[in-house]
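Architecture at a glance
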Amino acid sequence: MDSESDKLLAADEPAVFTVEREQGNSPFLITVDHGGRRLPRRLGKLGLSDSELQRHIAWDIGASGLSHRLAHVLDAWTIHQTYSRLVIDCNRDPAVETSIVTVSESTEIPGNKNLSAAERKARADEILWPYHRRIVAALDARKAAGRPTVLIAMHSFTPVFKGLQRPWHVGVLYNRDPRFAHIMKSLFEAEGDLVVGDNEPYAVGDASDYTIPIHGERRGLPHVEFEIRQDLIAEEAGQRAWADRLARLLPQAYARLSDNRTTTARTLS
Ligand SMILES: [Zn+2]
């Protein structure tokens, strides 16, 4: 096979990421790994109907709309993935089984079956890696400028999964470093109107995540992965309400994190 015929994206197709508020003044850097639901033209519809491609299996409904508003309210550097998680999951190491799913929830994905090594590699090389290189470049630039960063990985979850109703409005997810997630959990709980998941409906892990383990934990940056229930942010009004809520709580959480650090430094000295 020659390299031209292996190419997944044509020159006129959209870039794999959208960047907002580059160099924004906020300490928060927001990533939206599952924000988009576009498919490369070459893949057709992956053998799925239009209605399947609008479901949560294709993307995190509402996550990009919410993050777009939040980026503007906070003036926060935000990076959105353009292409559907069904092409390749941008929150997975491409070496893991669930990187390119053949079944999502209960739906078979015909266009993901029996892929060649070259086809898998093209999806990683053209969609996953450029997105993560862009995040690395943003984090490196902030570090070089001596700017603090709290990494926010924004996701949304379906209210009903495999027939089970999920009670949480929002989940805070983490693995090795719970500091920022636990501060956000207590702030959400103090709101009085939220059922808050602590590593629910998912937990961060090295096999089930990429963004937090690699860009947050490995760099020693404070971080949290949010999962917000999709029915709350599917429409513009909900996105606006949640962006306002997060724009109010995130700076409080950042102040608490800084207080805790100062206290720790004083105790140690
Ligand atoms: Zn997600």
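Residues numbered from 1 in each chain as written. Predicted model: local features only at pLDDT ≥ 70, side-chain atom pairs only at ≥ 80, totals over all residues. Heavy atoms only, no water.

1. What about the overall build of the chain?
- For the chain, the count of helices and strands is 8 helices and 11 strands.
- Computed over the C-alpha atoms, the radius of gyration of the chain is 19 Å, within 12% of the 18 Å expected from 2.2 N^0.38 for a compact globule of 269 residues.
- Within the structure as shown, the chain displays about 12,200 Å² of accessible surface, and the carbon and sulfur contribution to it stands at 51%.
- Considering the chain, the positive charge centre built from 34 side chains and the negative charge centre built from 37 side chains are found 3 Å apart. (Helix = DSSP H or I, 4+ residues; strand = E, 2+ residues; numbered from the N terminus. Rg over C-alpha atoms; globule rule 2.2 N^0.38 Å. Areas by Shrake-Rupley, 256 points an atom, 1.4 Å probe, with all protein chains shown as cover. Lys, Arg positive; Asp, Glu negative; His and termini not counted. Charge placed at Lys NZ, Arg CZ, Asp CG, Glu CD.)

2. As for the sheet that holds strand E10 (residues 196-198)
- The strand order across the open sheet formed by 7 strands is E1-E3-E2-E6-E11-E9-E10, and the pairing between neighbours is mixed. Of all strands in the sheet, those bounded by a partner on one side alone are strand E1 (17-20) and E10. Each adjacent strand pair in this sheet contributes to an overall mean axis angle of 20 degrees, direction not counted. (Pairing = 2+ DSSP bridges. Axes fitted to C-alpha atoms, helices over the stretch in contact; angles between N-to-C directions.)

3. Describing the packing of aromatic side chains
- On inspection of all chains with the given rule, the structure shows 5 aromatic pairs.
- Look at Phe 188 and Phe 226: their rings are 5.7 Å apart centre to centre, the planes differ by 65 degrees, and that puts the pair in the edge-to-face class. Of this pair, Phe 188 sits in helix H5 (residues 179-190) while Phe 226 sits in strand E11 (residues 223-229), and the two are 38 residues apart along the sequence. For the pair Phe 188 and Phe 226, one class covers both residues: buried.
- Seen in terms of ring centroids, Phe 188 and Trp 242 are 6.2 Å apart; in terms of plane orientation they differ by 55 degrees. Their pairing is tilted. With Phe 188 in helix H5 and Trp 242 in helix H8 (residues 236-268), this pair connects stretches of sequence that are 54 residues apart. The residues Phe 188 and Trp 242 share a single accessibility class, namely buried. (Phe/Tyr/Trp six-rings, centres within 6.5 Å; stacked < 30°, edge-to-face > 60°. Buried < 20%, exposed > 50% of the residue type's maximum accessible area, 1.4 Å probe, protein only.)

4. Regarding the coordination of the zinc ion
- For the zinc ion, every protein donor is listed as His 34 (ND1), Asp 60 (OD) and His 155 (ND1), and the spread of their distances is 2.0 to 2.1 Å.
- Mapping the donors of the zinc ion onto the primary sequence yields the spacing H-x25-D-x94-H. Taken together, the positions of Asp 60 in the loop between helix H2 (50-54) and helix H3 (63-74) and His 155 in strand E6 (residues 150-157) put the pair 95 residues apart, joining distant regions of the chain.
- According to the relative accessible area criterion, Asp 60 is buried, its value standing at 2%. (Donors = N, O, S within 2.8 Å, 3.2 Å for Na, K, Ca; no water.)

5. Regarding the pattern of salt bridges
- Considering all chains together, one arrives at 23 salt bridges under this definition.
- A salt bridge links Arg 85 to Asp 60; the shortest N-O distance between them is 2.8 Å. Of this pair, Arg 85 sits in the loop between strand E3 (77-81) and strand E4 (103-104) while Asp 60 sits in the loop between H2 and H3, placing them 25 residues apart in sequence.
- We classify Arg 85 as partly exposed; its relative accessible area is 22%.
- Between Glu 236 and Arg 69 there is a salt bridge; the shortest N-O distance is 3.0 Å. (Salt bridge = Lys/Arg side-chain N within 4 Å of Asp/Glu carboxyl O.)

6. Considerations on the environment of Pro 222
- Within the secondary structure, Pro 222 sits in the loop between helix H6 (211-217) and E11.
- The class for Pro 222 is buried, based on a relative accessible area of 5%.
- Remark: the alpha-carbon pair of Pro 222 and Ser 106, spanning 116 residues in sequence, is separated by 35 Å.
- Every residue in contact with Pro 222, bar those within four places of it in the chain, is listed here: Thr 149, Val 150, Leu 151, Asp 177, Arg 179, Leu 257 and Arg 261. (Contact = heavy atoms within 4.5 Å.)

7. Remarks on the pairing of strand E2 (residues 28-32)
- Counting buried positions along E2 gives 5 out of 5 residues, so the element sits mostly inside the fold.
- The alternating pattern of E2 places Phe 28, Ile 30 and Val 32 on one face and Leu 29 and Thr 31 on the opposite face, and all of these are buried.
- Sheet topology places E2 next to E6; 4 bridges connect them, and they run parallel. Its bridge partner lying in E6, Leu 29 is registered against Leu 151.
- Two strands pair when backbone bridges link them, and E2 and E3 are joined in this way by 4 bridges, in the parallel orientation. Its bridge partner lying in E3, Ile 30 is registered against Thr 78.

8. Some details on the environment of Leu 194
- When you line up the elements, Leu 194 lands in the loop between H5 and E10.
- Note on Leu 194: relative accessible area 13%, which makes it buried.
- For the pair formed by Leu 194 and Arg 176, sequence separation is 18 residues and the distance between their alpha carbons is 25 Å.
- Not counting chain neighbours up to four residues away, the residues in contact with Leu 194 comprise His 169, Val 170, Phe 188, Trp 242 and Arg 245.

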